[in-house]
Amino acid sequence: MSPEQTHPPGNSDATLLSLRGAAKTFGPVVALADGTVELRAGEIHALVGENGAGKSTLVKVLAGLYHPDAGVFEIEGEPVAFRTVADSKAAGISVIYQEPTLFPDLTVAENIFIGRQPKGRAGLISRARMRTEARVLFERLGVPIDPDRIAEGLSIADQQIIEIAKAISLDAKVLVMDEPTAALSGVEVERLFAVARSLRDRGAGILFISHRFDEIFELTDRITVMRDGRYIATHDTAAVTTADIVREMVGRDIAALFPKVDAEIGDTVLRVDGLSSAGVFRDISFEVRSGEIVALAGLVGAGRTEVARAVFGIDGYDTGKVELLGRRLRQRDPQAAINAGIGFVPEDRRKQGLVMDLSVARNATLTLRHALARFGLISGSRERRAAAEWTKRLQVKTGSQEYAVSTLSGGNQQKVVLAKWLATAPKLLIVDEPTRGIDVGTKAEVHRLISDLAGRGIAILMISSELPEVLGMADRVLVMHEGRITARLDRADATPEAVMHAATASMEPVE
Amino acid sequence: MTDTATPTPTPTPARSSRRRGVAALLHLRELPVAVALIALVLITYAANPLFLSPQGTKDLLLNATIMIILAVGQALVIITRNVDLSVGSILGLVAFGTGSLFANVPGIPIIAVFAIGLVFGAVLGAVNGLLVTVARVPALVITLGTLYIYRGLNNAWAGGTQYFADDRPEAFGALSVDTILGFPLITLLAVVVVIVVAIVMAGTRAGRDLYAIGSDPDAANLFGIPVGRRVFIAFAVNGVLAGLAGVLYASRFNSVGATTGTGLELDVVAAAVVGGVAIFGGSGSVAGAAIGAVLLTTITSALTALRVDKFWQQAIVGVLILAAIIIDRVASIRTARRLRISEARDV
C-alpha cells in the first residue's frame, strides 16, 4: 500500500458525481467489491484496470442498469438511487458503451432522438425538424453522416459518432465513455478528443475508460485505478507515469496461485503461418510444441478468439496456413480439425461448450458419439461407462451423471467440457478463457488439470485475459493487439508490465 | 415525408430531395406487395372483366376487410419482435359474444355492442400482453397457449349453439351491405383503422418505440425505453382490433358459433409477412400488412375468376411468403457485406 492509495476527498465543491464503496455480487461471483470514483465538473477522468477489474460493472451502476448491493451514490451532493436507466438519464448521465447500441432498422436521426423526437403540427413527430437538428449536431461534430439513412451497415466509427451526438443532444452533465476509441482510426480519435475537450470546457464531467495509455495521458486530468473489483487509487495524470499505473493495475502475488508443472517440451504440434483475415487479424505466425502451454494474451477484442476459431476451422481466413503435425488443415472444416487431433474449449461454455439441458454423461461423451455407436445407435451403457471414467479422472463433482449439466457449478461445467475433449485423445487443446466466471478455489483445480495435460504431452494453446493466469501457466506468451502479435515473450521475460505494454501497444518504455 | 420545412434556397437541394424521394420509394418494403397486388388485379381483369364489376369489387373489399383489421393488429405485435397466435380465437369469442348479446338483450344499441366487443377483445389481448411481459416466455408459446384456452372457453360457452343473422337487427347486418361510392361501410371502417394506426406508428414516440424495441430489445433496455409497458400495449391494441374484427364478422357472416375464426391466425401472420413486416421485428408498416391482407384474400377470388383449381391457392400463398422472406434476407445479407467491407478498411 503506497501513501496515495486513499479514497479521494469527499465533499469538494465541484464534485459532480461521487460513488463510494459500491458493491455488486451475482450469486457467488463478486463483480464489484469497492466501486469508488469521484468526478468533478469540467474534468476528464480516466478509469483503468485489467479486464475483469470491475470497470464495466461500475459503469452499469452509473447507468442505472445494476442496483448496487451497498455503497453511497451522490450527484451534486444529493444521494441518488437509480431504479431504471431512465432515472440515470434524468439525472444527466449519458453512457456510451463499448459496443454501440443503435437500432439497426431506424434512421440515423431517429436513433439520436428516439423517445424525445421533436414534434411539429398536431403533436406528431416532425421528421423535417429531426433531420435538421441531426444535421446541426453532425456539423458541430464535423462529420458528414446522412441523417436519413438507416443505421444498419454504418461503420463502427460512425456508430460511435452517433452515440456521441445522442449524448450531446441530451445535454448530459456526466458523459461515460466505455472504451470509445477501441474501433476508431487516428483521425476519428482526434475528432472524438476534440469533442470531449469542448464538452469538458462547458463544465461536463467525462469518465473515460480506455486501455490505451498514450490516449489517457494525452486527454485526461485524473486517473482512477481499479483491480479485482476494488478501488486502488486516484492520481493527477500529470503526477504519474505509465509504469506507476501499470504496477497498480497488476500488483499482486502471481506465482503462488497458478502452478505450472515443468513438462518435457517435444516436437512442434501446431504451426500457424502468416494467417490473415481482412478486418479481423493479420499475419499471425506461431508454433505450439507438445507439452508446451502457449498463452495468447491481450485485451478483449484484440482478435485472439478469432485466431483460435480460424485454427479450429470454424471461421475462414484469406491467406496463410495451419498445420497440425506437419499436415495442412483445410479451412472451414472443424470435423477435419477434430479428426486431426484438435480439441476446442470455447470461451462461452454455456452457449458453445455444453448442451445445458443434457445430462453430464451425454455431454462428456458428445465427441465420442461415433465411437460409441453400434450400427448407428449409441449404446447407453457404453456411454455411461465412458462418461464415468472421465468424470472420475477429472473429479467432476456431481450428484449423478444423469443430472443436467446446468445444475453443476461453473468450474465443474468446465471440467465436463475438458472431459469431452480429453476423451478424444487430442494432440492440441485450445482453451479460450478457461476460468472465466469460476470461483477461485475451482480455478486452481482447472489450472492444475491443464498443467497436468501438458505434462502428458498435449500441446496447449490458451487464450486468457487474466494476466496472473497467463503468467503463471504459460511457457511462452504471445501478446496480441488489434489483430496483430505485438510481443513474443518467454516465461522468464513475461512480466506483467511487459505484457500490458504490448497489449495496449503503449509507446512509453517500461521503467 | 417531404422536405417542406427545410428551406431550399437553391434548386440543387430540391432536386436531390426529389431524387431521394424516388430512391426511398424504390426501397419501400411495401413496394413488392403493392406491385404484386396491382399485377394480380390487372391480369385477372384482362382475363375476366366481370372481376372488377361493381359487385365483384364489393365482394373483393368485403372479403379483405376483416383480414385487414387483423393484419394491422398483428403488425403492431410483430414489429416489437413478438407474435400473437390467439387472434383467431379472440375473434371467435367476440363474434359469438356479439351474436349472444343481440339474441339475449333485445333492443341493445349497436354502438353498445361495438363497445362491449372492443373491451372484451382488449381484455383478452391484455392477458396475452401481461403473460408475455411478466413471464418472459416467448410470445409464440404464450399465445399458442391462449389460442387453445380462448377456443376452449368459446366451446364451453357456445356448446352446440349458433346464432344466425336473423337474430341480429337489420341495421347491424346492413353495415356490411350498404356502400358509400361503392365502398362497403365496414371496409371504410377498416381503412380508417389503417390510417389511424399508421399515423400513430409513424408519428408518435410510443409508435417509434415499438420499432426500436423490435429492432434491438437489449439496446432499447439500455436506452431506457419502457419495453414491458410498450409491448403490453401492443398486445392490448391487437386485442381491441381482433375484437373489432369479431363484431364485424358477426355483421358480415350468417352464423357464429364455437368454431368461428378457427385457423385465421396463420393467414393473418402470413398477410403481415407478405406485406413486408419483418418477422424478427423492427421494420415494416401497418399499411404494408393491410396490402398483404388484401393480396392474400384477392388471390382466392382471382383464381376462382381465372378458373384455376382451388388447390393451387394455398401453394401460391406459400410461394408469396417465401418470396417475401427471401427478399428480406437478400437485403440484409447485402447490408452485412457492406458493413464488413467498410470495417475492413479501418484495420
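Owing to the predicted nature of the structure, the values given are computational and were not obtained by experimental measurement.

K.L.:
Got a minute to help me understand the packing of helix 8 (residues 242-250) of chain A against helix 18 (residues 496-504) of chain A in this structure?
P.N.:
For any two helices packed against each other, the geometry is given by the interaxial angle and the distance between the axes. Residues and elements named next belong to chain A. At a minimum axis separation of 10 Å, helix 8 and helix 18 run at an interaxial angle of 110°. With respect to helix 18, the axis of helix 8 lies roughly perpendicular. Handedness of the helix 8/helix 18 crossing: right-handed. Across from Ala243, Val246, Met249 and Val250 in helix 8, the residues of helix 18 making contact are Pro496, Glu497 and Met500.

K.L.:
Where do I start with the sheet that holds strand 20 (residues 459-463) of chain A in this structure?
P.N.:
The pairing of strands in a sheet happens through backbone hydrogen bonds and is either parallel or antiparallel. Residue and element names in this part refer to chain A. Spatially, the six strands line up as an open sheet ordered 16-19-20-13-21-22, and their pairing is mixed. The two strands at the open ends of the sheet, each matched to only one other strand, are strand 16 (342-345) and strand 22 (484-490). On average, adjacent strands in this sheet sit at an angle of 15° to one another, irrespective of strand direction. Of the pairings in the sheet, the one linking strand 19 (residues 428-432) to strand 20 comprises five bridges and is parallel in character. Looking across to strand 20, one finds that Val431 is bridged to Met462.

K.L.:
Mind showing me how you'd approach the domain arrangement of chain A here?
P.N.:
Accessible area lost upon the coming together of the parts serves often as the stated size of an interface. Residues and elements named next belong to chain A. For chain A, the assigned domains are domain 1 (15-102 + 173-250) and domain 2 (268-504). Computed over C-alpha atoms, the centres of domain 1 and domain 2 are 33 Å apart. Looking at the side of domain 1 that touches domain 2 element by element, the count peaks at four residues for helix 8. Residue composition of the side of domain 1 that touches domain 2, grouped by class: eight nonpolar, three polar and two charged.

K.L.:
What should I look at first to understand helix 6 (residues 139-158) of chain B in this one?
P.N.:
Residue pairs three or four apart in sequence face the same way in an α-helix, which turns once every 3.6 residues. All names here are of chain B. The first and last C-alpha atoms of helix 6 sit 27 Å apart over 20 residues, in line with the 28 Å expected at 1.5 Å per residue. Considered for burial, the residues of helix 6 that qualify are Ala139, Ile142, Thr143, Thr146, Leu147, Tyr150, Arg151, Asn154 and Ala158. The arc that holds the buried residues of helix 6, viewed along the axis, is 160°, so those residues lie on one side. Within helix 6, the exposed residues directed more than 90 degrees away from the buried face are Val141, Tyr148, Gly152 and Ala156. Next to the buried residues of helix 6 lie helix 4 (87-104), helix 5 (110-135) and helix 12 (264-274). Gly159, located one to two residues past helix 6, shows a positive phi value of around 55°.

K.L.:
Teacher, can you tell me more about the pairing of strand 21 (residues 476-481) of chain A here?
P.N.:
Where a strand is regular, its side chains alternate between the two sheet faces. Residues and elements named next belong to chain A. Counted residue by residue, strand 21 has five buried out of six residues, so it is predominantly covered. Examined bridge by bridge, strand 13 (residues 293-298) and strand 21 share five bridges and lie parallel to one another. Within strand 21, the position partnered with Ala295 by the bridge is Val477. The pairing of strand 21 with strand 22 spans six bridges and is classified as antiparallel. The residue of strand 22 that forms the bridge with Arg476 is Asp490. Two successive antiparallel strands, strand 21 and strand 22, enclose a turn made up of two residues, where Glu482 displays a positive phi of approximately 45°.

K.L.:
I tried to follow the pairing of strand 4 (residues 70-75) of chain A on my own but got confused; where do I start?
P.N.:
Residue and element names in this part refer to chain A. Note: strand 1 (residues 15-26) against strand 4, five bridges, orientation antiparallel. The partner of Leu19 across the bridge, within strand 4, is Phe73. Here two bridges tie strand 4 to strand 5 (residues 78-79), and the two strands are oriented antiparallel to one another. Looking across to strand 5, one finds that Glu74 is bridged to Pro79. Connecting the antiparallel pair strand 4 and strand 5 is a turn made up of two residues, with Glu76 showing a positive phi of about 45°.

K.L.:
Help me out: how do you make sense of the sheet that holds strand 11 (residues 268-277) of chain A in this one?
P.N.:
All names here are of chain A. Ordered in space as 12-11-14-15, the four strands form an open sheet in which the pairing is antiparallel. Each edge of the open sheet is held by one strand with a lone partner, namely strand 12 (281-289) and strand 15 (327-328). The sheet contacts of helix 9 (residues 304-312) involve strand 11, strand 12 and strand 14 (319-324), and relative to strand 11 the element is tilted by about 115°.

K.L.:
Explain the nonpolar core here, please?
P.N.:
What tends to happen in soluble globular proteins is that the nonpolar side chains get buried as a cluster. Counting residues in each nonpolar core, the largest one holds 241 residues, and the members touching the most others are Ala71 and Val72 of chain B. Considering every element that reaches this core, the biggest residue donor is helix 11 (residues 227-252) of chain B, with 16 residues. When residues of this core are assigned to domains, at least three map to each of domain 1 (15-102 + 173-250) and domain 2 (268-504) of chain A.

K.L.:
Before we go on, may I ask you to explain unusual backbone geometry in this structure?
P.N.:
Residues apart from glycine generally show negative phi values, whereas peptide bonds are mostly found in trans. Residue and element names in this part refer to chain A. Backbone geometry at Glu482 places phi at a positive 45°, although glycine is not the residue there. Here Glu482 lies in the loop between strand 21 and strand 22. With 18 C-beta atoms packed within 10 Å, Glu482 lands in the partly exposed category.

Rules and cut-offs
- Residues numbered from 1 in each chain as written.
- Chains lettered and ligands numbered in written order.
- Predicted model: local features only at pLDDT ≥ 70, side-chain atom pairs only at ≥ 80, totals over all residues.
- Axes fitted to C-alpha atoms, helices over the stretch in contact; angles between N-to-C directions.
- Helix = DSSP H or I, 4+ residues; strand = E, 2+ residues; numbered from the N terminus.
- Parallel < 35°, antiparallel > 145°, perpendicular 65-115°, else oblique.
- Left-handed = near helix turned anticlockwise from the far one by under 90°.
- Contact = placed C-beta atoms within 7 Å.
- Pairing = 2+ DSSP bridges.
- Domains from an automatic or database assignment.
- Nonpolar A, V, L, I, M, F, W, Y, C, P; charged D, E, K, R; others polar.
- Expected span 1.5 Å × (residues − 1).
- Buried ≥ 20, exposed ≤ 12 C-beta atoms within 10 Å, placed from the backbone.
- Arc of directions from axis to C-beta.
- Core = buried A, V, L, I, M, F, W, Y, C linked by C-beta atoms within 7 Å.

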